[in-house]
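# Inside the fold
As a plain string of letters, each chain reads:
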Amino acid sequence: NSKVIQTPRYLVKGQGQKAKMRCIPEKGHPVVFWYQQNKNNEFKFLINFQNQEVLQQIDMTEKRFSAECPSNSPCSLEIQSSEAGDSALYLCASRGQGATGNTLYFGEGSRLIVV
Amino acid sequence: GDKVKQSPSALSLQEGTNSALRCNFSIAATTVQWFLQNPRGSLINLFYLVPGTKENGRLKSTFNSKESYSTLHIRDAQLEDSGTYFCAPYQGGRALIFGTGTTVSVSP
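Attention here is on the structure that accompanies the text.

### Some details on the nonpolar core
Residues and elements named next belong to chain B.
- In this structure, Leu 21, Phe 25, Trp 34, Leu 46, Leu 72 and Tyr 85 are the most contacted members of the largest nonpolar core, which totals 24 residues.
- Sorting the residues of this core by element identifies β2 (10–14), β3 (19–25), β4 (31–37), β5 (43–49), β7 (59–64), β8 (69–74), β9 (83–90) and β10 (102–107) as the ones contributing at least two each.
- Beyond its immediate sequence surroundings of up to four residues, Leu 21 is in contact with Ser 7, Leu 11, Trp 34, Ser 70, Thr 71, Leu 72, Ile 74, Tyr 85, Thr 102 and Val 104.

Written out as C-alpha cells, the structure reads:
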C-alpha cells in the first residue's frame, strides 16, 4: 500500500539523549509530514515540508526538535533532549501533487521509548 | 481529538457479520481519508473521499460534507479486518486532523 520507509522501527533512549528518526518518502512525493501518535491513539501534527522547505510546524517542534528534508537524502526528525513524554510512535507520511495530491501515505513508524 | 469524534470507540464482531463506524466532525471538511492501523502500527489507506460514496471490496464509505460526517461500512467481517480505524478529515490548511479511532476486534 505505501512505499514510505521509516527507520529505525524502534529506539530506546535515556532522558536527555538525542533521538533521531529517518524517513524516505514515496518516490515523486514532494510533501512530507511528521506526526506523533501517543498511547491514547491521539495524533499530533509536528511539521511538514515541501521539498526542502518547512511549510508549517508546531511550537514544540520548533523549540525541541530538529527536522530536515535535504534533497537526495532521507528526511529526518531529531529530538534534541528526550523526555519521558516523548515516548510515542512517530509517523512519517508523504503525498504528491495534482488531482490525487491530498492522499497521504504513511510509513510504518518509529516507536520511541524514553526510559 | 475534540474536532473529530469517532464512534463507537471499540467494536467486537463475529466473522461474517456487518457493521458501521461513524465519524462526526466540527470542521468544514473538503475531503476525508480513512485508515486502518494494524497491530504492527502501519496505517493502511482505505479511502480518500470527496463528498459521496466509494466502495472497495467489502468496505464502503460515505462522506456527507453538508452534515459533516463520514461512515465506514464493513460487510462480511473477516479476521484481517481487526485493527483500529481512523478517519481524518481535511479542511484546507496543511494537515489532516485525526479522530481517536474505533478499535475493531473480529473473532471466529
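### Thoughts on the interface of chain A and chain B
- Taken together, the contacts link 21 residues of chain A with 19 residues of chain B.
- Summed over both sides, the interface of chain A with chain B buries roughly 1800 Å², with 51% coming from carbon and sulfur.
- A salt bridge links B:Arg40 to A:Glu108, with the nearest nitrogen and oxygen atoms 2.8 Å apart.
- Within the residue set of the side of chain A that touches chain B, elements represented by two or more residues are β4 (31–37), β5 (43–50), β6 (53–57), β9 (88–95) and β10 (105–106) of chain A.
- Grouping the constituent residues of the side of chain A that touches chain B by class yields 10 nonpolar, eight polar and three charged.

### Quick notes on the side chain of A:Glu78
Residues and elements named next belong to chain A.
- Following the sequence through the fold, Glu 78 ends up in strand β8 (residues 75–79).
- The side chain of Glu 78 sits in the buried core without any salt bridge; Lys 18 is the nearest counter-charge, 4.7 Å away.
- If sequence neighbours within four positions are ignored, Glu 78 has contacts with Lys 18, Ala 19, Lys 20, Arg 64, Phe 65 and Ser 66.

Reading the values: rules and limits
- Residues numbered from 1 in each chain as written.
- Chains lettered and ligands numbered in written order.
- Predicted model: local features only at pLDDT ≥ 70, side-chain atom pairs only at ≥ 80, totals over all residues.
- Heavy atoms only, no water.
- Core = buried A, V, L, I, M, F, W, Y, C linked by side-chain atoms within 4.5 Å.
- Buried < 20%, exposed > 50% of the residue type's maximum accessible area, 1.4 Å probe, protein only.
- Helix = DSSP H or I, 4+ residues; strand = E, 2+ residues; numbered from the N terminus.
- Contact = heavy atoms within 4.5 Å.
- Buried area = accessible area lost by both parts, 1.4 Å probe.
- Salt bridge = Lys/Arg side-chain N within 4 Å of Asp/Glu carboxyl O.
- Nonpolar A, V, L, I, M, F, W, Y, C, P; charged D, E, K, R; others polar.
- Lys, Arg positive; Asp, Glu negative; His and termini not counted.

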